[in-house]
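Architecture and fold: a report
Residue strings, one per chain:
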Amino acid sequence: METPDLYKTIFKRKSIRTYDLKPLEESTLKKISEYLQNLTPLHDDIEVEFKILSQDMVKRRMMKKAPHYLAAFSELKEGHLSNIGFMLQQMDLFFSANGLGTCWQGIPTLKKEVLEN
Ligand SMILES: Cc1cc2nc3c(=O)[nH]c(=O)nc-3n(C[C@H](O)[C@H](O)[C@H](O)COP(=O)(O)O)c2cc1C
């Protein structure tokens, strides 16, 4: 996986909603986790956490299956939505630049046992 020039990817990215359900290699997931640790926040005083989830942890509702989900959690402070959106958009571009299809999904929810964790 590359650490891409995100600016160039802005003009190429698009939402993908049909996925190859074969899980990603562990080494790819590791690189995604590393990239997640280095995102630039808009507000560095807001605590955020990201989790890569498998499909059995998510209630999809009407959305098609995906092999993985990236869930974002944030402290509730002024600017928290812009902050998390700014950070997730960097991931959106990173995935696009590396040939991984994604789209933003607010309809699916986490299963109760995952939320309890
Ligand atoms: C916070 C957020 C949640 C969204 N939730 C969903 C969703 O659950 N299902 C869906 O099909 N699109 C959802 N969308 C819309 C898309 O994933 C996508 O951003 C939108 O269709 C614009 O697509 P494009 O910029 O790739 O053309 C959501 C967008 C945002 C910003």
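Now for a look at the structure at hand. All values derive from a computational prediction rather than experimental measurement.

Looking now at the pattern of salt bridges. Taken as a whole, this structure holds six salt bridges when the rule is applied. Close ionic contact of Asp45 with Lys77 constitutes a salt bridge, the shortest N to O distance being 3.9 Å. With Asp45 in the loop between helix 2 (26-37) and strand 1 (48-54) and Lys77 in the loop between strand 3 (68-74) and helix 3 (80-97), this pair connects stretches of sequence that are 32 residues apart. The class of Asp45 is partly exposed, set by a relative accessible area of 48%. Residue Lys77 is classed as partly exposed on the basis of its relative accessible area of 32%. Across the salt bridge formed by Glu116 and Lys112, the nearest N and O atoms sit 3.8 Å from each other. Taken together, the residues span about one helical turn, with Glu116 and Lys112 both in helix 4 (residues 112-116) at a distance of four residues. Residue class for Glu116 comes out exposed when judged on its relative accessible area of 59%. According to the relative accessible area criterion, Lys112 is exposed, its value standing at 60%. Here the salt bridges do not stand alone but share partners, grouping Asp45, Glu75 and Lys77 into one network.

Thresholds, definitions, all that
Residues numbered from 1 in each chain as written. Predicted model: local features only at pLDDT ≥ 70, side-chain atom pairs only at ≥ 80, totals over all residues. Heavy atoms only, no water. Salt bridge = Lys/Arg side-chain N within 4 Å of Asp/Glu carboxyl O. Helix = DSSP H or I, 4+ residues; strand = E, 2+ residues; numbered from the N terminus. Buried < 20%, exposed > 50% of the residue type's maximum accessible area, 1.4 Å probe, protein only.

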